[in-house]
Amino acid sequence: MSVAGRMDQAVFNQLLQLGGSIVAILVLAWLAGKLGLGGDERIRDEAHARQLADESVSGFDPVDIAIDKAGYGALLRDADGRILVLKRHGTFFAGRLIEQRPDARLDRELLTIQADDKPFGAVTLNLGAQAQIWAASLRRLKARDA
């Protein structure tokens, strides 16, 4: 085979490999979409926040809800005064009850809360004017045992 023939064969093999890679990527993207993977899930409204709260803590029935302006998290309070914090964890939401005064920091309209559950991590919520109200309610929770 001549040098030109070998070069044509090499180019053909590279194009074939590129085409196969593109087809594989498209198939994986289609499969991920069918399985509901990925996406940009956010808390849409109070009804959605209620649903997520009940999924996190069965029977949790909030009477007061503050949703982060971007929809990445929320604070919810039930009639017994229990507070639940929701935050996005990948494409799902995780929730934790806050039973004792958490480490919390208020910065204008942003409220950062560190739950007792260290693996849950901190959550920063843009609650607008409600941030100060919620920060005050967190301060009213019983202090941690020393």
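Residues numbered from 1 in each chain as written. Predicted model: local features only at pLDDT ≥ 70, side-chain atom pairs only at ≥ 80, totals over all residues. Heavy atoms only, no water.

A.B. asks: Help me understand the side chain of Ser137 in this model?
C.D. replies: Among the secondary structure elements, Ser137 is positioned in helix α3 (residues 130-139). Residue classification places Ser137 among the buried residues on the basis of a relative accessible area of 6%. In this structure the side chain of Ser137 is engaged in a polar contact, spanning 3.2 Å, whose partner is the side chain of Arg77. In this structure, Ser137 is in contact with Arg77 and Ile83, ignoring residues within four places of it in sequence. (Helix = DSSP H or I, 4+ residues; strand = E, 2+ residues; numbered from the N terminus. Buried < 20%, exposed > 50% of the residue type's maximum accessible area, 1.4 Å probe, protein only. Polar contact = N/O pair within 3.5 Å; in protein donor to acceptor, adjacent residues only side chain to side chain. Contact = heavy atoms within 4.5 Å.)

A.B. asks: Explain the sheet that holds strand β3 (residues 83-89) to me, please; I cannot follow it from the model alone.
C.D. replies: Across a sheet, strands are paired by hydrogen bonds formed along the backbone, either parallel or antiparallel in direction. Taken in spatial order, the four strands make up an open sheet running β1-β2-β3-β4, and their pairing is antiparallel. Among the strands making up the open sheet, the edge pair consists of β1 (62-67) and β4 (92-98). Averaged over all neighbouring strand pairs, the angle between strand axes comes to 20°, with direction disregarded. Pairing of strand β2 (residues 73-78) with β3, which is carried by five bridges, proceeds in the antiparallel orientation. By the bridge assignment, Leu76 is partnered in β3 with Leu84. Running over the sheet, helix α2 (residues 46-56) touches β1, β2, β3 and β4 and is turned about 110° from β1. Packed on one face of the sheet, α3 meets β1, β2, β3 and β4 and runs near 130° to β1. (Pairing = 2+ DSSP bridges. Axes fitted to C-alpha atoms, helices over the stretch in contact; angles between N-to-C directions.)

These figures come from the coordinates and say nothing about function on their own.
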